[in-house]
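Fold and contact review
Listed below, chain by chain, are the residues.
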Amino acid sequence: MSIGASIRQGLSLPQRFIAFWVRHFQQGTASLGEIWRNPASSLMTIVVIGVCLSLLVTFHLVIKNVRQAVPSWQQSAQINVFVTPGTTSDARNTLMQQIKNLPSVSDVKLIDKQQGLKEFKQDSGFGNALDLLDDNPLPDLLVVTPTTDQRQSGQLQLLQSKLASLANVSQARLDVQWLKRLESILSTARHVLELLITLLLVSIILTVGNTIRLNVLSQRNQIEVMKLIGATNAFIQRPFLYIGFWYGFIGGLLAWLLSNILLLYLGNSISSLASLYQQQIYLSGLSFKGFLELMIFASALGLISSWVSVTHYVKAIEPR
């Protein structure tokens, strides 16, 4: 029977419970000292974890913020229907009613050619030149707003084709090609993110595992002595598991800090790109819940990486 087991048998149940948590607290704080005593390898491991996770968090947040902005952009998606020149007012009103009756249409707004010419004079700056025209060259315009469930790019294009085929319609124009390209880019970015997650997580596991392996091998003599006096593998492994936990925890804090810096750096560039399409994107960082999830994930990743390495190497060490 080991010395530790003999001592535990002499304790009551409440004393065992208290001793269990005291021992874990002592080993957890002692593992921080071990990290401090090996600053070079520890710092390198923490930086690898922080940089890898910060890239994943930043990429995820950029995709998330852009995807959240897409529905609001789709809300402004409208189809401009140009009425055939020479169409009578009655025929135009009949066309409006016909379009309103379509189940995929929410609203139809008429901009007649007189109003269109007035707005064009104000916006174009060619008011004096346009006054020289004998006739108004602009057609009547119907601005069609689709229903909420018909604002995906594919659905809008189907509605556009249907409107273009109606009588007294010369053209139906829909400017959502940029939105369709954006959806394709986001889909590709999501697949790239999944690949990055796999590659970077493997990198973190290998880095932490290798660092823990070196720690185990550097303490080979102490481990052999501990096994001689009856220490179990679980007892010997515990300090190394705490080291892996602290690697992940500190690396998570570094990842949170770096991701905020990267978002600030990328914010202006993405806002400028969105402004080209008369849209706005504001990159927001992790919420408090997201921060907690990052810290739990990073700590668990460090713990699991340490466990994978330490269970193998501690078992392999036996007293000579």
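My aim in this report is to walk through the structure given alongside it, one point at a time.

Definitions and cut-offs
- Counting of residues starts from 1 at the beginning of each chain's written sequence and follows it residue by residue.
- The predicted nature of this model means local features are confined to residues of pLDDT at least 70 and side-chain atom pairs, given and counted, to a pLDDT of 80 or more, with totals for whole chains, interfaces and linings taken over all residues.
- As a rule here, side-chain values come from all non-hydrogen atoms in the structure, and water together with hydrogens is ignored.
- The secondary structure listing takes helices from DSSP runs of H or I that are at least 4 residues long and strands from runs of E that are at least 2 residues long, numbered from the N terminus.
- Partly exposed describes any residue whose relative accessible area lies between the buried limit of under 20% and the exposed limit of over 50%, with all areas from a 1.4 Å probe on protein chains only and scaled to the type maximum.
- Residues are treated as being in contact if the distance between any of their heavy atoms lies within 4.5 Å.
- Methods summary: accessible areas were calculated by the Shrake-Rupley approach with a probe of 1.4 Å, and residue burial reflects only the protein chains presented.
- Counted as salt bridges are all cases of a side-chain nitrogen of Lys or Arg within 4 Å of a carboxyl oxygen of Asp or Glu.
- Here the rule is simple: two strands pair whenever DSSP picks up at least two bridges between them.
- With axes taken as lines fitted to C-alpha atoms, and helix axes fitted only over the stretch in contact, angles between N-to-C directions fall between 0 and 180 degrees.
- Stacked, tilted and edge-to-face are the three classes applied to pairs of Phe, Tyr and Trp rings, where Trp contributes its six-membered ring and a pair requires centres within 6.5 Å; stacked means planes under 30 degrees apart, edge-to-face means over 60, and tilted covers the rest.

Assigned secondary structure in the protein consists of 11 helices and 4 strands. Counting every position in the protein, which comprises 320 residues, the buried fraction comes to 37%. Taking the contacts inside the protein whose residues are at least 6 apart along the sequence as the reference set, 82% of them involve residues at least 24 apart. In the form shown here, the protein has an accessible surface area of approximately 19000 Å², with 63% of it arising from carbon and sulfur atoms.

Oppositely charged side chains can pair when the atoms bearing their charge come close. Counting across every chain of the model gives 1 salt bridge. The residue Arg-220 makes a salt bridge to Glu-224 at a minimum N-O spacing of 3.4 Å. In this pair, Arg-220 and Glu-224 both sit in helix α9 (residues 220-228), 4 residues apart, roughly one turn of the helix. Looking at Glu-224, the relative accessible area reads 8%, which means it is buried.

Here we take up unusual backbone geometry. One non-glycine residue, Asn-168, adopts positive backbone phi at about 70°. Tracing the chain through its elements places Asn-168 in the loop between α7 (153-164) and β4 (169-173). Of the residues examined, Asn-168 reaches a relative accessible area of 33% and is grouped as partly exposed.

Strand order in the open sheet formed by 4 strands is β2-β3-β1-β4, with antiparallel pairing between adjacent strands. Strand pairing shows two members of the sheet lacking a second neighbour, β2 (105-111) and β4, which therefore form its edges. Put simply, the sheet's adjacent strands are angled 20° from each other on average, direction ignored. The pairing of strand β1 (residues 79-83) with strand β3 (residues 141-146) spans 4 bridges and is classified as antiparallel. Note on β3: the bridge partner recorded for Phe-82 is Leu-141. Across the sheet, helix α4 (residues 89-100) lies against β1, β2, β3 and β4, angled at about 160° from β2, the strand it touches most.

This part is about the packing of aromatic side chains. By convention here, two paired aromatic rings are described through the distance between centres and the angle between planes. Scanning all chains against the criterion turns up 4 aromatic pairs. On the basis of an interplanar angle of 70° and a centroid distance of 5.2 Å, the ring pair of Phe-245 and Trp-246 is categorised as edge-to-face. Judged by relative accessible area, Phe-245 falls into the partly exposed class, the value being 27%. With a centroid separation of 5.4 Å and 70° between ring planes, the pair formed by Trp-256 and Phe-291 is classed as edge-to-face. Here Trp-256, found in helix α10 (residues 233-275), pairs with Phe-291, found in helix α11 (residues 288-316); they are 35 residues apart in sequence, far enough to count as distant. Taken together, the aromatic side chains of Phe-245, Trp-246 and Phe-249 make up a single cluster linked through ring pairs.

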